[in-house]
Amino acid sequence: MIKEFHAARWSEPLIMEMGGPGRRGFVPPEPIADPGRDLVPDGLRRSIAPDLPEVSEPEVLRHYLHLSQQVMGMVGISLFGTCTMKYNPRVSQQLARQDFLAQIHPHQDDATVQGLLEIVHRFDLMLREMSGMDRFIFQPGGGAAAAHTHAMVTRSYFAARGELGTRREIVTSAQAHPCNPATAAAAGFEVITVPLGDDGLPSLDALRSVVSERTAALMINNPDDMGLYNPQIKQWVDAVHEVGGLCFYDHANFNGVMGRIRARELGFDACMFMLHKTFGVAKGGGGPAVGAYGCSAELEPHLPGPLVDLDDGVYRRRENPGGVGRVREYLGNLTEVVKAYAWLVAMGSDGVREAADISVLANNYMETRLMAIPGVSKSYPGMTKHRMEMTRYSLGDYTAETGLTAADVQNRMTDFGVDAFWMSHEPWIIPEPFTPEAGEAWSVEELDYWIDVLAHVLDEGRRDPELVRTAPHHQVVAKIDGSSLDDPNRWATTWAAYRRKNNLGSDGA
Amino acid sequence: MIKEFHAARWSEPLIMEMGGPGRRGFVPPEPIADPGRDLVPDGLRRSIAPDLPEVSEPEVLRHYLHLSQQVMGMVGISLFGTCTMKYNPRVSQQLARQDFLAQIHPHQDDATVQGLLEIVHRFDLMLREMSGMDRFIFQPGGGAAAAHTHAMVTRSYFAARGELGTRREIVTSAQAHPCNPATAAAAGFEVITVPLGDDGLPSLDALRSVVSERTAALMINNPDDMGLYNPQIKQWVDAVHEVGGLCFYDHANFNGVMGRIRARELGFDACMFMLHKTFGVAKGGGGPAVGAYGCSAELEPHLPGPLVDLDDGVYRRRENPGGVGRVREYLGNLTEVVKAYAWLVAMGSDGVREAADISVLANNYMETRLMAIPGVSKSYPGMTKHRMEMTRYSLGDYTAETGLTAADVQNRMTDFGVDAFWMSHEPWIIPEPFTPEAGEAWSVEELDYWIDVLAHVLDEGRRDPELVRTAPHHQVVAKIDGSSLDDPNRWATTWAAYRRKNNLGSDGA
Amino acid sequence: MAHPYMPSSAEKDKATMIAATGIVDIEELFEQIPPDHYAKRPINLPPGLRSEVAVHRHLTDLLRKNRSCAENLNFLGAGYWQHYVPAVCDEIAGRSEFLTSVWGTPSSDHGRNQAWFEFASQLGALVDLEFVGLPVYSWGAAAAFGLRMATRITGRSTVLVAGPADPERLGVIRTYCAGEDGEDAISVSVIPVDPATGRADVHAISQQLSPDVAAVYVETPNYLGQIETGLAELARLARANGSETVVGVDPISLGVLVPPARLGADIVVGTTQPLGIHLNAGGGVGGFIATRDEERYASQYPTLQVSICDTLTPGERAFGMTLFHQSSYGSREQGNDWTGNSVYLWTVVNAVYMALLGPAGFRELGDTILAGSHYAAEKLSRIPGVTVLWPDGFFKEFVLRFDDGYSVADINAALLAKNIFGGKDLTADFPELGNSALYCVTEMHAAADIDTLAAALTEVLA
Amino acid sequence: MAHPYMPSSAEKDKATMIAATGIVDIEELFEQIPPDHYAKRPINLPPGLRSEVAVHRHLTDLLRKNRSCAENLNFLGAGYWQHYVPAVCDEIAGRSEFLTSVWGTPSSDHGRNQAWFEFASQLGALVDLEFVGLPVYSWGAAAAFGLRMATRITGRSTVLVAGPADPERLGVIRTYCAGEDGEDAISVSVIPVDPATGRADVHAISQQLSPDVAAVYVETPNYLGQIETGLAELARLARANGSETVVGVDPISLGVLVPPARLGADIVVGTTQPLGIHLNAGGGVGGFIATRDEERYASQYPTLQVSICDTLTPGERAFGMTLFHQSSYGSREQGNDWTGNSVYLWTVVNAVYMALLGPAGFRELGDTILAGSHYAAEKLSRIPGVTVLWPDGFFKEFVLRFDDGYSVADINAALLAKNIFGGKDLTADFPELGNSALYCVTEMHAAADIDTLAAALTEVLA
Ligand SMILES: Cc1ncc(COP(=O)(O)O)c(C=O)c1O
Ligand SMILES: Cc1ncc(COP(=O)(O)O)c(C=O)c1O
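(A) Here's a closer look at the relation of the copies chain C and chain D. Between the two copies, chain C and chain D, the superposition gives an RMSD of 0.0 Å; the rotation angle is 180° and the shift along the axis is 0.0 Å. The superposition operator between the copies reduces to a two-fold rotation axis. Taking C-alpha positions as reference, the residue of chain C nearest the rotation axis is Arg95(C), located at 3.9 Å. A high fraction, 100%, of the interface residues of chain C reappear at the interface in chain D, so the copies pair face to face through one surface.

Written out as structure tokens, the structure is:
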């Protein structure tokens with residue numbers, strides 16, 4: 001049953017358009033002594049005040065409360081694929097807000113942060129147990145940053161062996177997440193992308209044809225976003241190892257295999273887990289995130305510091321000379337590490353195993369229902385084995401029939417309290433792709449509702465394509481007109497730019 | 001400019017309709033030992049489980065998040081009169097959540113709650129300074145409870161003098177808040193209500209004609225909800241004192257006179273301040289609230305215990321033998337007392353004075369604009385002096401013209417993000433009354449918006465009365481059909497009653 | 001300088017309003033106040049701290065002086081208990097919409113009204129009754145209102161309160177019944193606990209069941225932790241006497257205990273504090289009143305109630321107030337007692353709590369508490385000089401008597417030095433129980449905590 | 001027993017899905033995984049704690065071992081500072097909608113996108129630049145990305161970093177520039193601080209301005225607290241050399257300091273941590289990149305950016321991504337560097353913070369910090385054995401040299417025993433400064449706190 005929905009709509013002005021001269025939102029404490037002008041070197045005291053709004057505290061609060069209600073987030077239903085949207089337990093949100101975590105300075109003496117370091121160390125041990133790796137760090141501030149870390153560790157490794165001059169290539173696949181080739185390139189490697197075969201998988205032969213003594217590393221995720229698990233991944237790893245390369249397992253799509261496979265046992269030298277996805281940490285619209293990076297003992301000397309060790313019952317941070325140095329300041333987003341630790345403690349080995357079971361079951365349950373909807377087809381239908389925690393579908397036939405795109409359908413779905421699906425990373429191999437990920441945190445009713453809404457919208461589109469093409473209609477704002485976005489004369493990432501380009505006064509009028 | 005608005009609409013089921021067998025939202029810790037059946041006396045162990053829903057944690061969270069978005073509260077604009085809607089500083093919300101307040105047991109040793117008792121004591125002293133009273137308590141859990149406290153203190157006072165048998169009457173006015181007569185009656189007094197004169201004020205003569213040696217007390221608020229300040233309030237107090245009665249000042253409408261008058265200097269023996277209104281504490285939909293009750297030294301022996309004293313630098317709770325005993329368990333809603341204290345510290349004497357100024361100014365500003373709107377009239381227009389922090393208006397003319405009531409108008413206003421105004425307490429002296437209270441916490445733009453919306457709705461109603469009569473249209477749900485509410489065969493305060501009366505199964509179907 | 005809490009404290013805004021209002025000086029607006037009403041001297045408080053930094057610092061400096069049950073080991077209960085508050089409860093309590101909710105229209109308050117209805121429905125399920133009012137100030141208030149309802153229903157004016165009675169709650173009941181000292185009072189008669197059992201003295205109560213008795217009030221588990229075994233008998237006797245049975249109950253026990261209504265209770269009252277509300281230094285109290293859905297009872301409620309109802313949209317449900325006219329808002333002194341702001345935000349939290357626990361959660365929680373408190377009683381009873389007064393049939397709380405010469409006050413002081421809050425001292429309120437204290441064990445206590453207490457007590461008493 | 005986080009861990013739900021999927025056993029679904037891929041042994045972690053009570057207890061037991069800057073007096077800064085976080089910032093950070101926001105459509109994410117745009121606009125106002133990207137991981141990352149932008153813009157491959165350099169940030173810059181050890185690296189050359197002034201050595205830098213220099217990176221206030229006076233000169237020299245000037249700035253200084261863009265900076269980067277983000281043990285880092293709104297710069301951003309745009313409804317504004325195609329999402333290895341999840345929730349908080357402060361707040365806060373830090377430096381300089389290295393022209397931080405024989409480590413240990421976190425030890429990173437430490441004073445410090453420090457130091461050094 002499709003429910004009536006409407007997003008909160010406040011027609012909220014920009015904060016820069018609000019307030020009035022002299023209003024105050026926050027008043028700093030008075031200066032201890034007279035802050036004479038001479039405290040600032042000559043000519044360096046700001047004379048033109050920054051063009052910030054002047055707004056009272058209640059107005060600021062209400063404004064951002066309005067904005068918050070105008071975000072669907074996981075207050076609605078989001079089956080955003082490749083992102084493993086999970087329940088974020090509020091107990092750890094609550095813990096992270098408290099002084100014993102929120103009010104810790106990164107330069108504090110180790111003696112004053114024993115509890116925190118203990119959590120970091122315990123969590124490291126737990127991830128080692130889950131992956132078979134020998135050491136984890138939490139410095140990378142996201143999945144891409146962990147991939148970049150691997151590229152840098154790879155540099156350090158080969159530099160130490162004097163091979164950096166020849167190890168110039170990093171191999172990945174067309175279905176690997178863009179961060180793998182992108183970070184490899186940013187680290188100075190040439191990127192070789194193995195294309196997909198007819199079965200949707202990059203072939204072992206294709207890999208063999210590109211690896212050589214120039215290969216520094218393989219960077220790949222598995223299963224991929226289409227839910228395909230590469231059954232030859234071990235041979236892939238062997239092939240790369242044979243030529244002396246390193247293998248990095250982008251484990252962003254870990255949810256369906258938790259408890260069933262270990263990256264190290266498959267031969268990988270390093271892997272990364274995304275705490276802000278698989279480990280129950282909130283996405284926050286894109287962070288604070290953590291890409292936990294783990295590696296073998298062989299690569300450990302190349303890790304960025306500081307590392308956390310337990311010596312004689314005392315936890316210590318230590319530098320890792322010869323390693324990468326830093327990939328980010330300090331130990332990482334430790335609030336998120338604590339939340340991930342709490343999540344893993346609450347889940348335990350039984351819980352993560354069950355989460356994997358349920359997420360794969362729920363995806364296959366959805367697949368059964370979705371494939372019964374006219375207009376929906378599946379990527380690589382020849383691959384008849386059950387998919388993992390995701391399946392990539394296509395609305396190509398539907399688009400051919402109605403002219404409506406997956407983006408149109410997605411916009412209309414938001415009119416029913418269902419947020420965007422993931423479509424596909426670049427390159428788009430499947431036409432009009434969509435990739436929901438059911439995960440383990442949604443109820444069957446919610447999954448059913450998602451499917452019902454999709455079916456309903458496809459139906460609507462057949463009856464009244466304009467309705468869907470011009471959607472959304474029950475959302476915060478209407479569909480955007482993106483024509484200005486890449487036009488240097490019209491784009492505006494700031495209010496000042498917008499006013500200048502549109503000849504508006506400082507009040508926007 | 002009227003803005004497009006729509007409330008969030010989730011079409012949310014009842015929690016009792018959600019979930020499924022076996023789902024868990026919270027799991028208690030496992031028992032330390034086997035909780036054998038014999039721990040409960042024979043026949044007293046529950047065998048039929050309570051008919052509660054079985055819902056997982058994420059579902060419960062999302063459900064109540066949906067419900068929260070479906071409440072306007074002060075996230076919209078609310079000028080709810082007689083309730084002094086204020087900004088509730090989030091800093092004290094944050095403080096009150098912390099262990100040092102949230103995790104204090106009321107029976108803890110005084111030595112362990114010195115900080116808290118100090119705040120209680122300091123705040124007592126501050127309210128004494130503001131009112132001229134000699135002692136405040138915070139036990140009453142709301143304004144009405146404070147009025148009731150006064151009725152009980154009055155009993156205790158006259159009982160101690162052996163006069164309770166003859167002091168049978170409590171006098172109030174037709175414009176006094178209902179809690180005054182109601183609590184007086186509940187305390188066993190006869191209630192005498194002084195009617196209003198032609199000028200909207202109860203007359204001194206009318207008072208004189210009802211007071212006598214049977215008078216136990218006067219219980220009255222001033223200014224009243226119409227914004228009228230009784231210029232003879234001192235003479236009123238004198239008249240009651242002359243016959244030996246006590247005078248209680250219901251200071252709920254304190255906002256406009258803060259810093260300008262002191263209850264005790266006007267002669268009152270006792271007064272109450274509503275921390276959940278005037279003192280910046282959140283309303284919470286109706287509490288937790290505090291009616292701070294203050295009285296003269298003469299009445300102090302009759303206060304309920306425990307009282308907080310400072311002896312030799314140590315704060316102590318002590319009983320008050322001969323007093324009322326308890327009007328509520330423990331010291332009161334101390335979280336709210338701490339918030340009110342924080343608010344008063346932040347405001348200071350300059351701030352409260354300015355808040356009074358602004359709230360009276362803002363009301364008169366609104367009055368100027370409102371009186372320019374056709375269809376709006378003012379209570380007792382003959383009273384030409386400026387009103388205090390509220391003015392009572394009437395839509396009587398408009399109703400005569402269009403058939404639309406103040407309630408209709410109010411419903412339609414919610415379609416623009418403006419919540420209900422206060423109309424009037426019983427008795428309704430003015431036809432189709434409405435009583436906005438501007439307070440000091442809304443910006444001029446917000447007040448203007450409120451006024452613009454009212455004018456817009458009145459206009460709409462003239463053009464399209466059905467639109468307004470059937471409003472709201474952009475709200476969470478449509479206007480209610482209240483016909484079942486007082487019908488014993490149809491009312492249902494619980495889901496079980498609803499299902500029984502409508503022959504529904506346990507899933508509501 | 002403008003104050004952050006007041007947008008119009010900016011000079012420009014004030015000037016705008018002054019000009020539009022047609023005045024020159026704000027002082028003009030106060031013309032209604034006669035000159036001799038003005039305060040004799042300005043209010044002498046410190047100037048406002050406009051800086052939140054300073055306010056925060058001042059408050060934390062004060063509050064840090066407290067010692068809480070979070071970092072100490074607490075065994076205080078006595079009608080007010082340290083239970084675990086799920087984080088989701090806090091999350092919802094903190095939502096600005098609920099926090100600042102006013103009294104809007106049924107449409108704009110819909111979400112909150114639904115939460116209230118869910119509170120009443122779930123609480124009704126726990127107590128097995130179909131009519132539930134919105135909450136009153138506290139358990140004491142709920143008990144007192146329940147008794148006042150009974151006097152109106154029966155037209156009688158004496159109420160019997162079965163001991164053991166919580167002095168706090170009893171104080172409230174006496175006050176609400178207007179004490180025993182004057183005109184029109186409801187007479188409150190307390191029948192002492194049977195010291196042999198720690199339970200209500202059914203025989204003594206039955207002796208007092210005169211034709212003037214409007215109601216018998218009894219609690220289970222009672223103030224001393226004992227589960228009342230004589231409830232059905234008492235209710236039978238009361239009914240035969242034409243009296244109402246009013247029962248106070250800790251709702252957290254109702255996963256494992258038969259609801260009092262099944263034993264004959266007519267009006268069931270109790271506390272909402274254990275259902276997801278923090279200790280808050282006592283500021284977490286709240287009371288409920290529940291009865292059968294019969295006009296006899298419904299017409300006597302002093303509270304507000306939400307009822308489910310229809311809207312103008314076919315098939316849509318919403319909520320409205322039922323029987324509003326009989327409240328003090330509706331009828332001033334003609335209404336039933338009075339109502340007003342109370343603890344409504346907690347009601348939303350209570351709804352969340354009950355929804356999280358569900359039937360299994362309440363059962364398991366009850367079992368955990370039963371097991372833990374009995375484990376503790378048994379363990380402590382083995383300490384020389386410690387006697388558990390009634391070692392069976394209690395829930396969550398039990399009484400320890402110390403016979404080794406140390407007063408309870410001394411013992412608690414010694415425990416406090418070890419960061420333990422010992423049980424509630426009963427010596428002043430229940431001298432008949434000797435040198436005793438009431439100990440409370442909940443799901444917050446791990447076995448190690450109880451062992452810590454046992455070791456500390458052993459040391460203190462050695 | 002079902003797990004509270006997983007609705008479908010209830011047997012019935014699992015059975016429903018199994019039946020509908022047409023399988024018998026969930027294991028069938030894993031048919032893609034070859035048998036020899038399976039883990040050799042099951043994962044050996046403790047079973048899950050289904051009870052939140054137990055999880056909460058376990059975590060608090062651990063975290064209580066920490067000592068925080070809340071209950072100790074902290075003078076650590078060094079690129080990461082203890083500023084006051086207004087409660088409204090926390091309130092908004094905690095809103096479930098922002099917290100759990102995903103990547104929806106421009107309509108369903110509208111509120112968050114607007115907050116991001118408000119972040120960029122306000123930050124742009126602070127730095128006086130019109131093009132601002134969404135935030136990157138940290139200040140170090142922002143600096144490095146800024147330098148990489150400069151290499152792409154100029155086609156050159158050397159960057160000069162003006163000392164004093166934060167070792168943490170410098171570590172990140174070096175890593176992002178791929179170190180100096182291999183192929184295709186950007187060469188990073190650090191020019192040591194001028195120990196006489198504590199400032200960048202303009203002369204030494206100018207000497208290194210070869211045609212291969214893509215950019216000069218300089219910070220103000222610099223790592224040691226000094227406000228750079230040579231910035232305009234450096235920018236002029238760099239421009240003359242065809243190099244970009246990349247400036248790192250603490251935005252909280254910009255109420256009282258001229259924005260670097262006014263002194264010639266081309267690419268301004270910095271930290272977002274001071275703008276309303278808690279210390280979070282270092283997990284509050286975040287970086288921004290801002291430039292003039294010119295294609296030369298805009299086309300080189302590695303970030304995502306939101307731009308204001310129209311909707312299908314006339315007159316309505318919304319937000320979309322500009323220049324998405326040049327990101328790694330849009331172009332994989334052809335994109336500018338890479339992007340991904342970063343610290344976007346903090347961006348919303350930063351927007352709230354800047355809105356709360358406004359122009360007056362930033363100015364006053366700057367003055368308060370200037371006054372407090374100079375008061376402290378002056379006061380501490382009077383302690384025998386303590387020298388303030390550069391007593392003028394600093395913001396928030398200053399260097400103390402201790403000449404009395406005690407090492408900084410000893411001094412800090414002694415201060416710690418008095419619940420004071422002494423300044424950052426500089427002896428390892430800046431041996432040229434002697435036995436020195438970097439002290440930080442912000443609006444969190446009252447005069448009494450500084451006096452406490454002075455007294456403690458006096459005692460320790462006596
Ligand atoms: C397979 C895979 N790898 C890497 C990433 C990059 O993660 P992040 O966005 O945290 O940088 C993602 C994120 O979508 C992903 O799905
Ligand atoms: C004048 C006056 N007195 C008393 C009260 C009763 O306050 P409460 O609702 O807190 O019981 C009110 C509340 O509206 C009021 O306006």
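(B) Expanded view of the domain arrangement of chain A. Residues and elements named next belong to chain A. When the domains of chain A are assigned, the result is domain 1 (94-347), domain 2 (349-480) and domain 3 (481-509). On a C-alpha basis, the centres of domain 1 and domain 2 stand 30 Å from each other. Here domain 1 meets domain 2 over a buried area of about 2200 Å², counting both sides, of which 60% is carbon and sulfur. The three residues of domain 1 that bury the most area against domain 2 are Asp225, Met226 and Met347, which together make up 28% of that side's buried surface. Between the two partners, domain 1 and domain 2, sit two salt bridges. One salt bridge in this structure joins arginine 260 and aspartate 357, with 2.8 Å as the shortest N-O distance. Across the contact surface, domain 1 and domain 2 share 10 residue pairs in polar contact (both at pLDDT 80 or more). Per-element accounting of the side of domain 1 that touches domain 2 gives the leading share, three residues, to helix H9 (residues 334-370). Residues belonging to the side of domain 1 that touches domain 2 are distributed by class as follows: 14 nonpolar, nine polar and five charged.

(C) Representation of the environment of Ala437(D) in the model. Residue and element names in this part refer to chain D. Within the secondary structure layout, alanine 437 lies in strand E15 (residues 436-440). Residue alanine 437 is classed as buried on the basis of its relative accessible area, which comes to 0%. Each C-alpha atom, one on alanine 437 and one on serine 407, is 10.0 Å from the other, the two residues being 30 residues apart in sequence.

(D) Just the site of ligand 2, in detail. All names here are of chain B. If you check the shell around ligand 2, you find 17 residues, and the closest are Gly143, Ala144, Asp250, Met274 and Lys277. One nitrogen or oxygen atom from the main chain of glycine 143 is found 2.6 Å from an oxygen atom belonging to ligand 2. The set of elements that each furnish at least two residues to the shell around ligand 2 consists of helix H5 (143-160) and strand E6 (270-274).

(E) Local environment of the packing of aromatic side chains. Using the criterion set out here, one finds 70 aromatic pairs over all chains in the structure. Aromatic pair Phe5(A) and Trp10(B): ring centres 5.0 Å apart, planes at 65°, arrangement edge-to-face. Here Trp10(B) lies in the segment before helix H1 (57-69) and Phe5(A) lies in the segment before helix H1 (57-69), a pairing that spans two chains. Since its relative accessible area comes to 10%, Trp10(B) is described here as buried.

(F) Quick peek at the interface of chain C and chain D. Counting from both sides, the interface comprises 22 residues of chain C and, opposite them, 22 residues of chain D. Across the contact surface, chain C and chain D share four salt bridges. Summed over the shared surface of chain C and chain D, the result is 12 residue pairs in polar contact (both at pLDDT 80 or more). Of all elements in the fold, only helix H2 (52-63), helix H3 (87-93) and helix H4 (96-99) of chain C reach the threshold of two or more residues within the side of chain C that touches chain D. Looking at which element gives the most residues to the side of chain C that touches chain D, the answer is H2(C), with four residues. The residue makeup of the side of chain C that touches chain D, split by class, is nine nonpolar, three polar and 10 charged.

(G) Fine view of the pattern of salt bridges. What the rule picks out here adds up to 150 salt bridges over all chains. A salt bridge links Glu265(A) to Arg262(A); its shortest N-O distance comes to 3.0 Å. A salt bridge links Arg363(D) to Glu364(D), with the shortest nitrogen-to-oxygen separation between them at 4.0 Å. Given the relative accessible area of 17%, Glu364(D) is considered buried. One continuous salt-bridge network, built from bridges that share partners, spans Asp124(A), Arg128(A), Arg135(A), Glu300(A), Asp309(A) and Arg318(A).

(H) Structural context of empty space enclosed by the protein. In this structure, the largest cavity encloses a volume near 230 Å³. Taken together, 14 residues form the lining of the largest cavity, with Arg97(A), Arg97(B), Glu91(C), Gly94(C) and Gly94(D) sitting closest to its centre. Of all the secondary structure elements, the ones that give two or more residues to the lining of the largest cavity are H3 and H4 of chain C together with helix H3 (87-93) of chain D. Per-class residue counts for the lining of the largest cavity are one nonpolar, five polar and eight charged.

(I) Representation of the sheet that holds strand E1 (residues 135-137) of chain B in the model. Residue and element names in this part refer to chain B. Strands sit in the order E1-E7-E6-E5-E4-E2-E3 across an open sheet of seven strands; the sheet is mixed. Looking at which strands have only one partner, the edges of the open sheet turn out to be E1 and strand E3 (190-194). In this sheet, neighbouring strand axes are inclined to one another by 20° on average, regardless of whether the strands run parallel or antiparallel. Helix H4 (residues 114-131) rests against E1, E6 and strand E7 (291-295) of the sheet, and its axis sits at about 125° to E1. Its contacts with the sheet put helix H6 (residues 179-186) on strand E2 (169-173), E3, strand E4 (215-221) and strand E5 (246-250), and the angle it makes with E4 is roughly 155°.

(J) Region of the structure containing the packing of H9(A) against helix H12 (residues 444-463) of chain A. Residues and elements named next belong to chain A. For the pair H9 and H12, the least separation of the axes is 11 Å and the interaxial angle reads 30°. Judged by the angle between their axes, H9 and H12 are roughly parallel. H9 and H12 meet at a crossing whose hand is right-handed. Contacts between H9 and H12 involve Ala362, Tyr365, Met366, Arg369 and Leu370 from the former and Val444, Leu447, Asp448, Trp450, Ile451, Asp452 and Leu454 from the latter.

(K) Fine view of the interface of chain A and chain D. Taken together, the 208 residues of chain A in the interface contact 201 residues of chain D. Taking both sides of the interface into account, the surface hidden between chain A and chain D amounts to around 17400 Å²; carbon and sulfur atoms contribute 63%. At the surface where chain A touches chain D, the tally comes to 15 salt bridges. Across the salt bridge formed by Lys501(A) and Asp293(D), the nearest N and O atoms sit 2.7 Å from each other. Here chain A is connected to chain D by 96 residue pairs in polar contact (both at pLDDT 80 or more). Top element by residues in the side of chain A that touches chain D is H9(A). It accounts for 26 residues. Of the residues in the side of chain A that touches chain D, the class split is 111 nonpolar, 55 polar and 42 charged. When strand E13 (residues 480-481) of chain A meets strand E9 (residues 306-311) of chain D, the two strands line up antiparallel, connected through two bridges. The partner of Asp481(A) across the bridge, within E9(D), is Asp310(D).

(L) Quick look at the pairing of strand E4 (residues 215-221) of chain A. Residues and elements named next belong to chain A. Counting buried residues in E4 gives seven out of seven residues, a clear majority hidden from the surface. Pairing of strand E2 (residues 169-173) with E4, which is carried by three bridges, proceeds in the parallel orientation. Counterpart to valine 171 in the pairing with E4 is leucine 218. As defined by bridge partners, E4 adjoins strand E5 (residues 246-250) across five bridges and the pair is classed as parallel.

Conventions and cut-offs
- Along each chain, the written sequence defines residue order, and numbers are assigned to residues from 1.
- Lettering of chains starts at A and numbering of ligands starts at 1, both following the order in which they are written.
- Selection of residues for local features in this predicted model requires a pLDDT of at least 70, selection of side-chain atom pairs for listing and counting requires 80 or more, and totals for whole chains, interfaces and linings are taken over all residues.
- Each side-chain value is derived from all of the structure's non-hydrogen atoms; neither hydrogens nor water enter the calculation.
- When the copies are superposed, the least-squares fit draws on C-alpha atoms of residues that have pLDDT of at least 70 in both.
- Note on contacts: a residue pair qualifies if any of its non-hydrogen atoms lie within 4.5 Å across the two residues.
- Boundaries of every domain are those given by an automatic assignment or by a domain database.
- As a working definition, buried area equals the accessible area (1.4 Å probe) given up by two parts on being put together, with both sides summed.
- In the sections that follow, a salt bridge refers to a side-chain nitrogen of Lys or Arg positioned within 4 Å of a carboxyl oxygen of Asp or Glu.
- Polar contacts, as used here, are pairs of N or O atoms within 3.5 Å; protein pairs need one atom able to donate a hydrogen and one able to accept it. Residues neighboring in sequence count only if both atoms are side-chain atoms.
- The way it works is that DSSP assigns letters per residue, a run of H or I at least four long becomes a helix, a run of E at least two long becomes a strand, and they are numbered from the N terminus.
- When residue character is reported, Ala, Val, Leu, Ile, Met, Phe, Trp, Tyr, Cys and Pro are called nonpolar, Asp, Glu, Lys and Arg charged, and the others, Gly included, polar.
- Throughout, exposure labels follow a simple rule: accessible area from a 1.4 Å probe, protein chains only, divided by the maximum for the residue type, with under 20% read as buried, over 50% as exposed, and the rest as partly exposed.
- Definition of nearness: a residue and a molecule or strand are near each other if at least one heavy atom of the residue lies within 4 Å of the molecule or strand.
- Working definition: a ring pair exists when centres of Phe, Tyr or Trp rings (six-membered ring for Trp) sit within 6.5 Å. Plane angles under 30 degrees give stacked, over 60 give edge-to-face, the rest tilted.
- Cavity means a closed set of points on a 1 Å grid over the protein atoms alone, one where a 1.4 Å probe fits but cannot get out, pocket means an open set with protein on both sides within 12 Å along at least 5 of 7 lines, and lining means a residue has an atom within 4 Å of a point.
- Grid points are joined across faces, edges and corners, and a volume is the space filled by probe spheres set on the points.
- Following DSSP output, two strands are said to pair if at least two bridges run between them.
- Between N-to-C directions, angles cover 0 to 180 degrees, with each direction set by a line fitted to C-alpha atoms, over the stretch in contact for helices.
- Oblique is the label for every angle not falling under 35 degrees (roughly parallel), over 145 degrees (roughly antiparallel), or within 65 to 115 degrees (roughly perpendicular).
- Should the near helix be turned counterclockwise from the far one by less than a right angle, the crossing is left-handed, whereas a clockwise turn marks it as right-handed.

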